[in-house]
Amino acid sequence: MSARIYSPAKTAMQSGKAKTGHWVLEFDPEQPRKIDPLMGYTSSGDMKSQIRLTFPTLEEATAYAKKNGLAYRVQEPKETRRRQISYAENFRYDRKTPWTH
């Protein structure tokens, strides 16, 4: 039984960084998912795939995994890079494509 520990990125609906500092422990699937032939639903007999544990710090998440004897891997969050652009750049004379409505 193995687990993945990661810090989730903000959702597309978020503009700020609220609810992004925590760490999540999810179990890796032990069985592949199956498609129901009649209805087309995707199902699995793996109950641990439904468990999501949240921790305030990475150290607490790794301590929980070590305490319970779980093999785990940590996915470090990618650093966000923000590009500074201004409204005036829409009207630059050296644009590759002209700005239109």
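Before reading further, recall that the structure is shown in the block above.
Residues numbered from 1 in each chain as written. Predicted model: local features only at pLDDT ≥ 70, side-chain atom pairs only at ≥ 80, totals over all residues. Heavy atoms only, no water.

As for the side chain of aspartate 46
We count it as follows: The helix count covers DSSP runs of H or I at least four residues long, the strand count covers runs of E at least two residues long, and both are numbered beginning at the N terminus. Here a polar contact means two N or O atoms within 3.5 Å. Within protein one must be a hydrogen donor candidate and the other an acceptor candidate, and residues neighboring in sequence count only if both atoms are side-chain atoms. Contacts are assigned to residue pairs that have any heavy atoms within 4.5 Å of one another.
With respect to the element layout, aspartate 46 can be found in the loop between strand S4 (42–43) and strand S5 (52–55). There is a polar contact of 3.0 Å between the side chain of aspartate 46 and the backbone nitrogen of glutamate 30. Those residues in contact with aspartate 46 that lie beyond four places of it in its chain are Asp28, Pro29, Glu30 and Gln31.

Here we look at the packing of aromatic side chains
The relative placement of two aromatic rings is captured by the distance of their centres and the angle of their planes. Note the threshold: Only Phe, Tyr and Trp rings take part, Trp by its six-membered ring, and two of them pair if their centres are within 6.5 Å. Stacked means planes under 30 degrees apart, edge-to-face means over 60, and tilted covers everything else. A ring is considered to have a charge above it if a Lys NZ or an Arg CZ atom is located within 6 Å of its centre and within 35 degrees of its normal.
For the coordinates displayed, the defined rule picks out one aromatic pair. The residue whose ring lies beneath arginine 4 is tyrosine 6, and the NZ or CZ to ring-centre distance is 4.1 Å. Across the ring face of phenylalanine 27, the terminal group of lysine 48 is positioned such that the distance to the ring centre comes to 5.6 Å.

Let's talk about the sheet that holds S5
Put simply, the rule reads: Here, strands pair whenever DSSP counts at least two bridges between them. The axes are straight lines fitted to the C-alpha atoms, using for helices just the contacting stretch, and the angles between their N-to-C directions are given from 0 to 180°.
A sheet is described by the order of its strands in space; here four strands give the open sequence S5-S2-S1-S6, paired in mixed fashion. Sheet topology places S5 and strand S6 (71–75) at the edges, where each strand pairs with a single neighbour. Across the sheet, the mean angle separating the axes of adjacent strands is 25° when strand polarity is ignored. Contacts from helix H1 (residues 58–67) reach strand S1 (2–6), strand S2 (23–27), S5 and S6, with the element oriented near 165° to S6.

Focus on the nonpolar core
As a reminder of what qualifies: Definition of nonpolar core: a set of buried residues of the types Ala, Val, Leu, Ile, Met, Phe, Trp, Tyr and Cys, connected through side-chain atoms within 4.5 Å. Residue burial is assigned from relative accessible area. The probe radius is 1.4 Å, only protein chains are included, and a residue is buried under 20% of its type maximum, exposed over 50%, and partly exposed in between.
Listed in full, the ten residues of the largest apolar core are Ala3, Ile5, Trp23, Leu25, Phe27, Phe55, Leu58, Ala61, Ala65 and Leu70. Those elements that place two or more of their residues in this core are S1, S2 and H1. Every residue in contact with phenylalanine 27, bar those within four places of it in the chain, is listed here: Met1, Ser2, Ala3, Lys48, Ile51 and Leu70.

Remarks on the pattern of salt bridges
Using the following cut-off: Take a side-chain nitrogen of Lys or Arg and a carboxyl oxygen of Asp or Glu: if they are within 4 Å of each other, that pair is a salt bridge.
Enumeration according to the criterion identifies three salt bridges in this entry. Between arginine 4 and glutamate 26 there is a salt bridge, and its shortest N-O distance comes to 3.1 Å. Taken together, the residues arginine 4 in strand S1 and glutamate 26 in strand S2 connect sequence positions 22 residues apart. For arginine 4, a relative accessible area of 22% corresponds to the partly exposed category.

Function cannot be inferred from these measures alone, as they are strictly geometric.
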